[in-house]
Amino acid sequence: MTGGGIRFRTVKRVLNFIDGQFRPPCSGRYLPNVNPATGQVISETADSGPEDVDAAVSAASRAFESWKKTPAEERSRLLLKVAGLIEENFDELARLESEDNGKPISLARRMDVPRAVLNFRFFATAILHAETPSHMTDDRALNYTLRQPLGVAGLISPWNLPLYLLTWKIAPAIAAGNCCVAKPSELTPLTADRLAALIADAGVPPGVVNIVHGTGAAAGRALTSHPKVPLISFTGGTKTGADVMTHAGPLFKKVSLELGGKNPNVVFADADLDQAIATSIQSSFANQGEICLCGSRLFVERKIYGEFVDRFVEATKKLRIGDPQEASTEVGALVSEPHLRKVEGYVALAKEEGGEILTGGNRPGNLPERVRDGYFLEPTVIAGLDCNRRVMQEEIFGPVVTVTPFDSPEDAIAYANSTRYGLSASVWTRDLQKAHRVAAAIDSGTVWVNTWLLRDLRVPFGGMKESGVGREGGFGSLEFFTEAKNICVKL
Ligand code: NDP
């Protein structure tokens, strides 16, 4: 804010967390961080570059020498302490997540913060149960396999589930004995900043976790191309994933990519319609449709198409859109103005492509005063588009869902598989044989039958086709964050 030529700093500055200390970026520059519900700048974020990343990598490399030797029981104890501190600061973290991202506070309380606690608890205890195999070669040799941490893990996470996805990476990385440099999205730095303080309060040694803020192009790329970072865990868009590969590939880094989706949600005529409709409302519009696992393409068996669509549209119209800080709000603001414009662009494109907007498509008119300048869009249902249309092919990542009728399981499978993505799918039917057959035939890393977003942290998680490379989750994460070494001893 300027006044008479004097610049007053009125908002918090989010600094980097390197070697256990909060430090300004080498550039001295900051990026404005906007609350998407109000359009107001609520903080400034360190605009970091290669020098900051280099300092963080050096701190992590130094810390690795002792962290890798720290007994699993002690690492576990520290991670459990972090989980406890997240729980103690539950209300503040939920508020920050909602302010930063625009999501309803009820969702942050129900999903984001509990999951952050769980991520730390899950991997803190998983390392106490991990096993490694041994192989006897007849009576000639004993082989045993060590799983060793790699060193400095580079962790890059997006803005849609900021704390949820950041902790999904930090917890297994450090539980397995690595140190890390994390780069959260510049759009949502606040809970990462708070987490850094909690990690320090928990007594995690300096340098084990470092957080560098800034843009993907500067700080993110400095991490993916840093020669002393042998591993990258990235969650974000497919296009960015390709850039990550381009820079990490020539350095032969171990890379895990969790990318975009265009997930099908298939409803057969024999489904429990009450459940299918209620859950499809969630899978279409939860977090304003900004969850990689949202079902953005609804396919409904023609026999029930009319009834389903009428009821689905009715339920969509009833969703409460408004101030994310209000406990009763169900749909909040989109993360930024450019993103809102991008999503609106797809609504316009749907019309050009011959689609019919059954409900939504506009910015809501009757918002409370506090959030009148926010980036809101009505939940939108579009019908009448062929599967090859751009709106049916490209990830929109907003509160927009298409509905399309189908006639047979084969049609449903073909429609479901008609994009370059393969992240997740839902299938609704009471016929279990059909459920198994269709689920096996859909190209996606996760298929839910008669549910959505039911996550067991032990299961493999990741995408097929252009939705990703590799699987994390459970012991799969611990495998990703360690390297297998076989030792062969002649008998
Ligand atoms: P982006 O790909 O734009 O960004 C993801 C992260 O990568 C951000 O921290 C970003 O930084 C950073 N980044 C951007 N460019 C580069 C680069 N060249 N090198 C290294 N890092 C870079 O995704 P969004 O943040 O827009 O998130 C939405 C996307 O994430 C959607 O496509 C969604 O489907 C996907 N996603 C996938 C999930 C999965 O599990 N498969 C889960 C959640 C989301 P910054 O934003 O600061 O520029």
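Starting from 1, residues in each chain are numbered consecutively following that chain's sequence as written. Only residues with pLDDT of 70 or above have their local features reported here, since the model is predicted, and side-chain atom pairs are shown and tallied only from 80 upward, although totals for entire chains, interfaces and linings are computed over all residues. Excluded from the side-chain calculations are hydrogens and water; all other atoms, namely the structure's heavy atoms, are used.

Asker: How should I be thinking about the side chain of Thr 419 in this particular structure?
Answerer: Put simply, DSSP marks the helices as runs of H or I at least four residues long and the strands as runs of E at least two long, and each gets a number from the N terminus on. Secondary-structure assignment places Thr 419 in the loop between α13 (409-416) and β20 (421-422). Side-chain atoms alone can form a polar contact between residues adjacent in sequence; in general such a contact is a pair of N or O atoms within 3.5 Å, and within protein one must be able to donate a hydrogen while the other accepts it. Within the structure, Thr 419 has its side chain in polar contact with the backbone nitrogen of Tyr 421 (distance 3.1 Å). Non-local contacts of Thr 419, meaning those with residues more than four positions away in its chain, are made with Lys 262, Arg 297, Met 392, Gln 393 and Lys 465. We call two residues in contact whenever any of their non-hydrogen atoms come within 4.5 Å of each other.

Asker: Even after reading the chapter, I still don't get the site of the ligand, so can you show me in this structure?
Answerer: Close to the ligand lie 30 residues; Glu 186, Thr 240, Leu 259, Cys 292 and Glu 395 are nearest. Here Trp 159 contributes a side-chain N or O atom positioned 2.9 Å from an oxygen atom of the ligand. With respect to the ligand, the side chain of Lys 183 contributes an N or O atom lying 2.7 Å from an oxygen atom. Per-residue accessibility takes into account occlusion by the displayed protein chains alone, with areas from the Shrake-Rupley method and a 1.4 Å probe. In isolation the ligand has 900 Å² of accessible area, and contact with the protein removes 89% of it. Throughout, the protein atoms alone are placed on a 1 Å grid, and a set of points is a cavity if a 1.4 Å probe fits but cannot get out or a pocket if it is open with protein on both sides within 12 Å along at least five of seven lines; lining residues have an atom within 4 Å of a point. Molecules are considered to sit inside a cavity or pocket once more than half of their atoms lie within 2 Å of its grid points. Among the detected pockets, the ligand sits in the largest pocket. Elements with a minimum of two residues in the shell around the ligand: α7 (216-224), β13 (231-235) and α8 (238-248). Note on definitions. A residue lies near a molecule or strand when any single heavy atom of the residue is within 4 Å of it.

Asker: How should I be thinking about the sheet that holds strand β8 (residues 134-137) in this particular structure?
Answerer: In sheet architecture, strand pairing relies on hydrogen bonds along the backbone and comes in two forms, parallel and antiparallel. In this scheme, strands are said to pair when DSSP sees at least two bridges between them. Here we have three strands laid out as an open sheet, ordered β8-β9-β25, and antiparallel in their pairing. In the strand order of this sheet, the two ends are held by β8 and β25 (482-490), each with one partner. Each strand of the sheet is rotated relative to its neighbour by a mean of 25°, with strand direction disregarded. As defined by bridge partners, β8 adjoins strand β9 (residues 141-149) across four bridges and the pair is classed as antiparallel. Bridging from a neighbouring strand, His 135 pairs with Asn 143 of β9. Lines are fitted to the C-alpha atoms to define the axes, a helix being fitted only along its stretch in contact, and any angle between axes, read from their N-to-C directions, falls within 0 to 180 degrees.

Asker: Before we go on, may I ask you to explain the nonpolar core in this structure?
Answerer: As a rule of thumb, nonpolar side chains are buried together in soluble globular proteins. Membership of the largest hydrophobic core comes to 92 residues, with the highest contact counts inside it found for Ile 86, Phe 120, Ile 170 and Leu 195. When residues of this core are assigned to their parent elements, the largest contribution, twelve residues, is made by helix α4 (residues 105-126). Sequence-distant contacts of Ile 86, defined by excluding residues within four places in its chain, comprise Leu 93, Val 113, Ala 116, Val 117, Phe 120, Leu 195 and Leu 198. Counting 27 residues, the second-largest nonpolar core is a separate cluster that includes Leu 340, Ala 350, Cys 387 and Ala 425. Here, the term nonpolar core denotes a set of buried Ala, Val, Leu, Ile, Met, Phe, Trp, Tyr and Cys residues that are joined through side-chain atoms within 4.5 Å. Relative accessibility decides the category of a residue: with a 1.4 Å probe and only protein chains considered, values under 20% of the type maximum give buried, values over 50% give exposed, and everything between is partly exposed.

Asker: Is there a simple way to think about the environment of Pro 32 in this case?
Answerer: Inspection of the secondary structure assignment puts Pro 32 in strand β6 (residues 30-35). In sequence terms Pro 32 and Gly 463 are 431 residues apart; their C-alpha atoms lie 33 Å from each other. Once you skip the residues sitting within four places of it in the chain, Pro 32 turns out to touch Val 41 and Ser 43.

Asker: Explain the packing of aromatic side chains to me, please; I cannot follow it from the model alone.
Answerer: The way to describe two aromatic rings as a pair is by their centre distance and the angle between their planes. The rule is short: rings of Phe, Tyr and Trp, with Trp giving its six-membered ring, pair when the centres are within 6.5 Å, and they are stacked under 30 degrees, edge-to-face over 60, tilted in between. According to the stated counting rule, one finds nine aromatic pairs in the structure shown. Ring centres 5.4 Å apart and planes at 70° place the aromatic pair Trp 159 and Phe 397 in the edge-to-face group. One end of the pair, Trp 159, is in the loop between β10 (152-156) and α5 (162-175); the other, Phe 397, is in the loop between α12 (390-393) and β19 (400-406), with 238 residues separating them in the sequence. Residue Trp 159 is classed as buried on the basis of its relative accessible area of 14%. By relative accessible area, Phe 397 is classed as buried at 15%.

Asker: Whenever I open this one, the sheet that holds strand β21 (residues 424-428) confuses me. Can you help?
Answerer: Here we have seven strands laid out as an open sheet, ordered β17-β18-β19-β16-β15-β21-β22, and mixed in their pairing. The open sheet has two edge strands, β17 (356-359) and β22 (446-449), and neither has a second partner. For this sheet, the mean inter-axis angle between neighbouring strands, taken without regard to orientation, is 25°. For strand β18 (residues 380-383) and β19, the ladder comprises four bridges, and the chain directions are parallel. Looking at β19, one finds that Ile 382 is bridged to Thr 402.

Asker: When you look at the pairing of β9 in this model, what are you seeing that I'm missing?
Answerer: Each regular strand displays side chains that alternate between the two surfaces of the sheet. Connecting β8 to the antiparallel partner β9 that follows it, the hairpin turn spans three residues, and Asp 138 within it adopts a positive phi of roughly 45°. Examined bridge by bridge, β9 and β25 share nine bridges and lie antiparallel to one another. Looking across to β25, one finds that Ala 141 is bridged to Lys 490.

Asker: Quick question: what am I supposed to make of the side chain of Thr 38 here?
Answerer: For Thr 38, the position within the fold is in the loop between β6 and β7 (40-46). Here Gln 40 takes part through its backbone nitrogen, which lies 3.1 Å from a polar atom of the side chain of Thr 38. Residue contacts for Thr 38: discarding those within four places in its chain leaves Arg 370, Val 371, Asp 373 and Gly 374.

None of this, on its own, says anything about what the molecule does.
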